[in-house]
Amino acid sequence: MTRPPIPLPPLRRPRSADLTATFAGLPLPQGTDLPPYRRRELVLLIFAGIVATSALAALTLADIGQLSFGILTIGLGFFCLWAVAHLAVRRFAPAADPVLLPVVVALNGLGLVMIYRLDLARSEAARQSGAHIPPSAAQVQLVWTLLAVIVFVLVLALVRDHRSLARYAYTAGLVGIVGLLLPIVPGIGTSINGARLWLRVGPFSFQPSEVSKIIILIFFAGYLVNKRDVLSIASRSVLGVKFPRARDLGPVLVAWLASLGILVVQNDLGSSLLFFGMFMVVLYVATERASWIVIGFLLFMIGAVLAYPLFGHVQVRVDGWLHAFDGDNPSSTSYQLVQGLYGFAAGGLTGTGLGQGHPQKVPFANTDFIMASLGEELGLTGVMAILTMYALIVLRGMRAALGAKDAFGKLLATGLSFTLALQVFVQVGGVMRLIPLTGLTLPFVSYGGSSIVANAAIIALLLRVSDGARRAPEPAPDAPLFDPGAVSESPTQVVKTT
Amino acid sequence: MNRPARKVAVACLVLFAALLVNANWLQVGQAGSLKNQPTNGRQITERLERQRGPVLAGDVEIARSVPSNDQYKFLRQYPAGKLYANISGYYTLFTAAGLERSQDVLLSGDDDRLLASRVTELFTGKERRGGTVVTTIKPAVQQVAAEALGDRKGAVVALDPSTGAVLAMVTSPSYDPTPLASHTEKTATDAYSVLSGDKAQPLLNRATQQTYPPGSTFKLITAAAALAAGRKPDDRIAAPNSLALPQSTARLPNFDNETCGDGETDTLIHALTISCNTAFGQLGIDLGGDALRQQAQAFGFDSTFPGFPLQQARSVFPATLDGAQTAQSAIGQYNVRVTPLQMAAVAAAIANGGTEMKPYLVSELRGPDGKTISRTSPKGLGKPISGDIAGELTTMMESVVTSGTGRKAQIDGVSVAGKTGTAEHGTGEPPHAWFVGFAPSDNPKVAVAVIVEDGGGEVGTGGAIAAPVAKQVMQAALDSP
């Protein structure tokens, strides 16, 4: 049984002041109506490819002192990999935001170069001490990037209208929770660095909470779209703040407590924080009630006060953060954090240059502390550029949310964008000692398969919402039944109406 | 729904703004203090990539960097081994000491005064190198001082009284800093743990970091206070065979139960010449603890020498004293503690007509191109005694060497002024042997302080054990150009 696809509204016409006009003179294949946004995306994508290739060239120059054509080949290969994603956007989301994908590609390129750079340092150290050379993390990450591109294309191709996702909200909720529970199952779950977050199948390990995050958000957004009227209208007032009825809250609270509980059991502070923030923001946007923020903040405080004495690793993290340089801490509990800070300090304003610092001195330099590695070699300049790129992704995502014509799309895009922003904040803030350190990955940059695959899916969903938002409004019900323009663009539909 | 979504967007921007501000604060604002954290091994690693400047004593390189073929480009060496270890210090993978530590910015090439040569390097493409530190040490004097002290524990400091320049500074036992600078972590840490675990404390620079009871050498300060109070060298002062200490049943005897003068009184000059304990004990009681303390502080007690580039301990004169303690302090016992550098500075001040010069160890800083960046000009530290008193003290100290306890410091054809000390410290150990003095006494070129800890293991006086060392050091200083 297949439902008829929801008809998509036609593309909005390009404005004359559009940047696209600049490239309008370029010869284009006849007969294909190239969407204007996609040309811009291609130009930016080429630029992202140049950034990544230059980074690799700088690294090679620092490492062996000369350049080779191999670098160009690798750069071209990297570009072609993501060009597949670009082609998919052309095919499946032609009106989507043109900035999101190239920024992601630039970040991914920088991440890959840094992971490769740390590989070089590791194999050099292994060579000097006579140990056997460890396997290349960059190669593994490249395979994961390929997988991420495939997932990206699949999401765009399968989710032709994000509204269809809302139909599977409850299924998604169940799948998400099961996904979170999987690592606890003996046999397939594994502990890495004290947190039981990973699934291990053969040589591959996967962190299901990264994907569960998206799936649970879909459930949450879908559920709230149905219930938001009840949640925001039927409420009791306590001390001037309007609170919703308990029975409307039930499923939300159950999902929230379940996911938080699981995360606490799994010892993953960072993801708990991420889920929590995601829930609060989506609830707030759905109900337009600031009281949710108040409730959320109170719950957070209660959670923090309860967790602190109960969980040793929470105390260690907080102590390492507050007293990073006191007593024995720099050589024990806050060792990683402090080494990362030394990396940032060594970078200064302009950085040491790729391949010329010592980022390998920091533990987990290519995963949790990759920002310290980038801060050391690219300096404050590079750090600010990277942060700005993340801000650009988040704001473009928020723009898609604002433009979305349906409540589900708005909630989904807001939730995804905010989660991304919060993840970057918790991750980078932790490494920079702005807040206590929690184990999260830096989206698109850190070494780690689940992270890049899940985040590629997030970008695909944001592009999907953005595509819907950037199309011209659907014709009003009282519009003329016969639109000559529509006929010329989609002749088959005329046949269907009979 | 757009209104709250916009607010969420603003909240996201605030998060990013916080990160950006924090990044600036971390990488520019705090960078300096983070780089100087003791647990930050990155700085030193980075600097092993460049050629660190040498430390010179005259023409002798006491520390230098040579190209190495391991994971770093340059290896630090100390060609003279243990002879200058207390001055150069060491530069390890993790930490640094001595001049290597205090002159680090220049030696590493990070000194702002090297900016001009750094700009040149930028254009000529040469790698950044460190500047040169030239010390005031005269290698010949240093060598003689170390040989004269031999294997005995102790220290020698020789100063140029007219400038305050340190001509020699020897501590014994010493250590070879080269293994500490090894690029092999294990070699370095093993060498360090052996040295730091050694009971003889070879890493301690006894010349400036260790304080000792000054014994009878402190009588110079008591005598200075007496002269300042109007006494004359030929005045007769009480000098009983045994001094009854006030507020105490104890008695202060003379060394070896000798008799001073006629057994009742003695002249001030003769009391110093034979180092009469009872005379100076009584003198201290008469002058009072405050007068002694003021005189000691005028010479630099209870503070350290400003700007001196090695770690110093403070020489102390007790803050409160009763009568008996005053008498004991006046002869350099009780809780009076001095560094050998402080006693050398006392002798130098007397030699320099009462003006105490600020001791200094670094005479000149040079850029990587060999050009002088700065030269130390001698500075007065104060005038603890008048010129007249300095002259009277000089006469009294000459008498110590010509006819008193310091005869073993005599040099043929040169008039020498000095004072011996035999400092009791606890029970069971032989006393410390001291000699402080200067030569030639009519035109002083060198002032010395010598301490041989526990008399080098034999029971003997400062005159017997320390004076011969001082003699050789002064002789070497007068012989060297």
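What counts and what doesn't
- Residue positions are given per chain, counted from 1 along the sequence in the order it is written.
- Lettering for chains starts from A, numbering for ligands starts from 1, and both go in the order in which the items are written.
- Local features are withheld for residues below a pLDDT of 70 in this predicted model, meaning they are given only at 70 or higher, and side-chain atom pairs are given and counted only at 80 or more; totals for whole chains, interfaces and linings count all residues.
- Only hydrogens and water are set aside when side-chain values are computed; all heavy atoms of the structure are taken into account.
- Segments assigned H or I by DSSP are reported as helices when at least four residues long, segments assigned E as strands when at least two residues long, and all are numbered from the N terminus.
- The span one expects for a helix is its residue count, reduced by one, times 1.5 Å.
- Partly exposed residues are those whose accessible area sits between 20% and 50% of the maximum for their type, while under 20% is buried and over 50% is exposed, using a 1.4 Å probe and protein chains only.
- What makes two residues a contact is simply this: any of their non-hydrogen atoms within 4.5 Å.
- Criterion for a disulfide: a pair of cysteine sulfur atoms within 2.5 Å.
- Two N or O atoms form a polar contact when they lie within 3.5 Å of each other; inside protein one atom must be a possible hydrogen donor and the other a possible acceptor, and for residues adjacent in sequence the pair counts only when both atoms belong to side chains.
- For this analysis, a salt bridge means a side-chain nitrogen from Lys or Arg found within 4 Å of a carboxyl oxygen belonging to Asp or Glu.
- The term buried area denotes the loss of accessible surface (1.4 Å probe radius) that occurs when two parts are joined, taken as the sum for both partners.
- Each residue receives one of three labels: charged for Asp, Glu, Lys and Arg, nonpolar for Ala, Val, Leu, Ile, Met, Phe, Trp, Tyr, Cys and Pro, and polar for the others, Gly being one of them.

Undergrad: So what's going on with helix α17 (residues 387-403) of chain B? Residues and values would help.
TA: Each α-helix winds once per 3.6 residues, and so residues spaced three or four apart point in a common direction. Residue and element names in this part refer to chain B. With 17 residues, α17 ought to run about 24 Å at 1.5 Å a step, and its terminal C-alpha atoms sit 24 Å apart, in line with that. All of the buried residues in α17 are Ile 389, Ala 390, Glu 392, Leu 393, Thr 394, Met 396, Met 397, Ser 399, Val 400 and Val 401. Each element contacted by the buried residues of α17 is listed here: α11 (219-228), α12 (268-273), α16 (340-351), β15 (417-423) and β16 (432-439).

Undergrad: Go over the state of the cysteines, please, and point to the residues and values.
TA: Residue and element names in this part refer to chain B. If you walk through the whole model with that rule in mind, you get one disulfide over all chains. Between the sulfur of Cys 260 and that of Cys 276 lies a disulfide, 2.1 Å long from S to S. Its S-S torsion of approximately 95 degrees makes the covalent link between Cys 260 and Cys 276 right-handed. Placement of the pair is Cys 260 in the loop between β9 (251-253) and β10 (265-267) and Cys 276 in the loop between α12 and α13 (277-287), with a sequence separation of 16 residues. What makes Cys 276 buried here is its relative accessible area of 1%.

Undergrad: Describe in detail the side chain of B:Ser363, supporting the description with residues and values.
TA: Structurally, B:Ser363 is set in strand β12 (residues 362-366). Here B:Ser363 is in contact with B:Val134, B:Thr135, B:Thr136, B:Ser374, B:Arg375 and B:Thr376, once residues within four sequence places are set aside.

Undergrad: Explain the side chain of A:Thr419 to me, and be specific about the residues and the numbers.
TA: All names here are of chain A. With respect to the helices and strands, the residue Thr 419 is situated in helix α13 (residues 407-431). You can call Thr 419 buried: its relative accessible area is 4%. For Thr 419, the side chain forms a polar contact with the main-chain oxygen of Gly 415, separated by 2.5 Å. In this structure Thr 419 touches Lys 213, Leu 274 and Met 278, once residues within four positions along its chain are discounted.

Undergrad: Which residues make up the pattern of salt bridges, and what values do they have?
TA: Going through the model one piece at a time under the given rule, you end up with 19 salt bridges over all chains. As a salt-bridge pair, A:Asp467 and A:Arg464 come within 3.3 Å of each other at their nearest N and O atoms. With A:Asp467 and A:Arg464 both in helix α14 (residues 449-470) and three residues apart, the pair spans about one turn of that helix. Assigned by exposure class, A:Asp467 and A:Arg464 land together as buried. Here B:Arg375 makes a salt bridge to B:Glu364, at a shortest N to O gap of 3.3 Å. One end of the pair, B:Arg375, is in strand β13 (residues 372-375); the other, B:Glu364, is in strand β12, with 11 residues separating them in the sequence.

Undergrad: How would you summarise the interface of chain B and chain A if you had to cite specific residues and measurements?
TA: Each partner contributes residues to the interface: chain B has 32 residues there, and chain A has 49 residues. Taken together, the two surfaces of chain B and chain A that pack against each other cover about 3700 Å², and 72% of this comes from carbon and sulfur. On the chain B side of the contact with chain A, B:Met1, B:Gln27 and B:Arg42 bury the most area, a combined 24% of that side's loss. In this assembly, chain B and chain A are joined by one salt bridge. Ionic pairing is found between B:Arg3 and A:Glu288, a salt bridge with its closest N-O pair at 3.8 Å. At the level of elements, α1 (2-29), α2 (31-35) and α3 (42-47) of chain B are the ones that each hand at least two residues to the side of chain B that touches chain A. The dominant element in the side of chain B that touches chain A, judged by the number of residues it contributes, is α1(B), at 21 residues. In terms of residue class, the side of chain B that touches chain A is built from 17 nonpolar, 10 polar and five charged.

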